[in-house]
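Architecture and fold: a report
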Amino acid sequence: FLFQEIERFQVVLSKVRFSLVQLQLAIKGEVVLTPELEETLSAIFDARVPHLWENTLTGDEFSWRSPSLGLWFTSLLSRNDQYRSWLDNGRPKSFWLAGFFNPAGLLTAMKQEVTRQRNKAGERVALNDMVYVSEVM
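All of the points below concern the structure found in this document. (Residues numbered from 1 in each chain as written. Predicted model: local features only at pLDDT ≥ 70, side-chain atom pairs only at ≥ 80, totals over all residues. Heavy atoms only, no water.)

Turning our eyes to something else, we now look at helix H4 (residues 69-89). Taking 1.5 Å as the rise per residue, H4 with 21 residues should run 30 Å; its terminal C-alpha atoms sit 30 Å apart, in good agreement. Residues Leu-69, Trp-72, Ser-75, Leu-76, Arg-79, Gln-82, Tyr-83 and Trp-86 constitute the buried set of H4. Down the axis of H4, the sector holding all buried residues measures 150 degrees, keeping them to one side. Away from its buried face, by an angle of more than 90 degrees, H4 presents the exposed residues Asp-81, Asp-88 and Asn-89. Each element contacted by the buried residues of H4 is listed here: helix H1 (2-28), helix H2 (35-45), helix H3 (51-54) and helix H5 (103-120). One or two positions beyond H4, positive phi appears at Gly-90, with a value near 85 degrees. (Helix = DSSP H or I, 4+ residues; strand = E, 2+ residues; numbered from the N terminus. Expected span 1.5 Å × (residues − 1). Buried < 20%, exposed > 50% of the residue type's maximum accessible area, 1.4 Å probe, protein only. Arc of directions from axis to C-beta. Contact = heavy atoms within 4.5 Å.)

This brings us to unusual backbone geometry. Despite not being glycine, Ala-47 shows a phi value in the positive range, around 60 degrees. With respect to the helices and strands, the residue Ala-47 is situated in the loop between H2 and H3. Owing to a relative accessible area of 41%, Ala-47 belongs among the partly exposed residues under this scheme.

A complete count under the given rule lists 11 aromatic pairs for this structure. Ring plane angle 15 degrees and centroid distance 6.4 Å describe the contact between Phe-9 and Trp-64, whose orientation is recorded as stacked. Taken together, the residues Phe-9 in helix H1 and Trp-64 in the loop between H3 and H4 connect sequence positions 55 residues apart. With a centroid separation of 5.8 Å and 50 degrees between ring planes, the pair formed by Trp-64 and Phe-101 is classed as tilted. Linking Trp-64 in the loop between H3 and H4 with Phe-101 in the loop between H4 and H5, this pair joins segments that are 37 residues apart in sequence. (Phe/Tyr/Trp six-rings, centres within 6.5 Å; stacked < 30°, edge-to-face > 60°.)

As a further point, take the packing of H1 against H2. Contact geometry of H1 with H2 gives a least axis separation of 10 Å together with a crossing angle of 100 degrees. One way to sum up the angle between H1 and H2 is to call them roughly perpendicular. Mapping the contact onto sequence places Ser-19, Leu-20, Gln-22, Leu-23, Ala-26 and Ile-27 in H1 and Leu-37, Thr-40, Leu-41 and Ile-44 in H2. Here the residues of the contact of H1 with H2 sort into seven nonpolar, three polar and no charged. (Axes fitted to C-alpha atoms, helices over the stretch in contact; angles between N-to-C directions. Parallel < 35°, antiparallel > 145°, perpendicular 65-115°, else oblique. Nonpolar A, V, L, I, M, F, W, Y, C, P; charged D, E, K, R; others polar.)

Formed by 17 residues in total, the largest nonpolar core has its most connected members in Phe-9, Val-12, Trp-53, Trp-64, Trp-72, Tyr-83 and Phe-101. Those elements that place two or more of their residues in this core are H1, H3 and H4. The greatest single-element share of this core, amounting to five residues, is contributed by H4. When near neighbours in sequence (up to four residues on either side) are disregarded, Trp-53 contacts Val-16, Ser-19, Leu-20, Thr-40, Ile-44, Phe-62, Ser-63, Leu-69 and Trp-72. (Core = buried A, V, L, I, M, F, W, Y, C linked by side-chain atoms within 4.5 Å.)

This is the structure in structure tokens:
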């Protein structure tokens with residue numbers, strides 16, 4: 001699960017990095033300022049998240065939605081911190097579910113792991129028998 005999340009996060013970072021590099025080159029006059037780059041520049045100037053950072057060319061959601069560029073960037077940093085902490089310190093005891101691209105995937109992976117552990121211990125447990133319990137911290 002973590003691998004898939006980091007893989008998708010890297011795609012977002014690559015897209016943002018590419019558009020910012022292209023924007024720098026366009027401002028210097030080394031590449032043509034395309035309508036997409038112009039929209040990106042305008043969005044950054046207005047503190048909005050550029051359309052290309054949130055959506056694919058077909059309009060599908062590409063990253064997370066935020067009302068402002070500042071909140072979007074804060075979320076980017078928080079996601080990076082969550083992934084890095086998980087890699088450096090092992091699986092955390094609690095998760096920021098909204099910080100995942102596929103939070104349902106995490107919950108399913110957790111159910112699968114518990115089911116496998118219990119079945120190895122001799123219990124016969126089905127995946128559908130697992131129940132989620134939430135604690136607010």
